[in-house]
Amino acid sequence: MKASLGMAAGAAGSVVGTPAELALIRMTGDGRLPLKQRRNYKNVFDALFRVVKEEGVLSLWRGCAPTVMRAMVVNAAQLATYSQAKQLLLESKYVREGRLLVMKKYLEDDFLNCLYCKILICLLVVSHILLYV
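Residues numbered from 1 in each chain as written. Predicted model: local features only at pLDDT ≥ 70, side-chain atom pairs only at ≥ 80, totals over all residues. Heavy atoms only, no water.

Considering the packing of helix α1 (residues 2–30) against helix α3 (residues 64–91)
Then step 1. Between α1 and α3, whose axes approach to 6 Å, the crossing angle comes to 140°. Regarding the angle of α1 to α3, the classification is oblique. Once α1 is placed against α3, the crossing between them reads as right-handed. Contacts from Lys2, Ala3, Gly6, Met7, Ala9, Gly10, Ala11, Ser14, Val15, Thr18 and Glu21 in α1 reach Cys64, Thr67, Val68, Ala71, Met72, Asn75, Ala76, Leu79, Ala80, Ser83, Gln84 and Gln87 in α3.
Then step 2. Of the residues that constitute the contact of α1 with α3, the class distribution is 12 nonpolar, nine polar and two charged. (Axes fitted to C-alpha atoms, helices over the stretch in contact; angles between N-to-C directions. Helix = DSSP H or I, 4+ residues; strand = E, 2+ residues; numbered from the N terminus. Parallel < 35°, antiparallel > 145°, perpendicular 65-115°, else oblique. Left-handed = near helix turned anticlockwise from the far one by under 90°. Contact = heavy atoms within 4.5 Å. Nonpolar A, V, L, I, M, F, W, Y, C, P; charged D, E, K, R; others polar.)

Now the structure itself:
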């Protein structure tokens, strides 16, 4: 369930963000083109409006499928791992959840240690998965 929700969040986010990414890539690459081939976008909105006008609305999502697939894998791994790590840490009885997740026994004032544990577990899993994506 956690992985499915992560996949859905990744897909939705990447579909919404693809037009902005397209504008970013076009504007960044524009400076490398020869002078005659440059598009000379004024800003992001100019880039988006000109792409729609010159190439059509659907061209904003050109190349969207690989981005969606990658985002689904990354978010499924990241969100599911983070949530599962939190659940396991809470079940271990060494931490309690209040306003912040706090170590009970050893470092009661230093909530960051438990937070770092969750983040570390999540980063290890996600970075391992990204090697194959």
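Still more ground to cover, so stick around.
What about the nonpolar core?
Then step 1. Leu22, Ala23, Tyr41, Ala47, Val51 and Leu60 form the largest nonpolar core, which has six residues in total.
Then step 2. Listed by contribution, the elements that provide at least two residues to this core are α1 and α2 (44–55).
Then step 3. Setting aside its immediate chain neighbours within four residues, Leu22 contacts Val51, Ser59 and Leu60. (Core = buried A, V, L, I, M, F, W, Y, C linked by side-chain atoms within 4.5 Å. Buried < 20%, exposed > 50% of the residue type's maximum accessible area, 1.4 Å probe, protein only.)

Quick notes on the environment of Val68
Then step 1. Note that Val68 resides in helix α3.
Then step 2. For the pair Val68 and Met7, spaced 61 residues apart in sequence, the C-alpha separation works out to 9.2 Å.
Then step 3. Beyond its immediate chain neighbours, meaning those up to four positions away, Val68 contacts Ala11, Ser14 and Val15.

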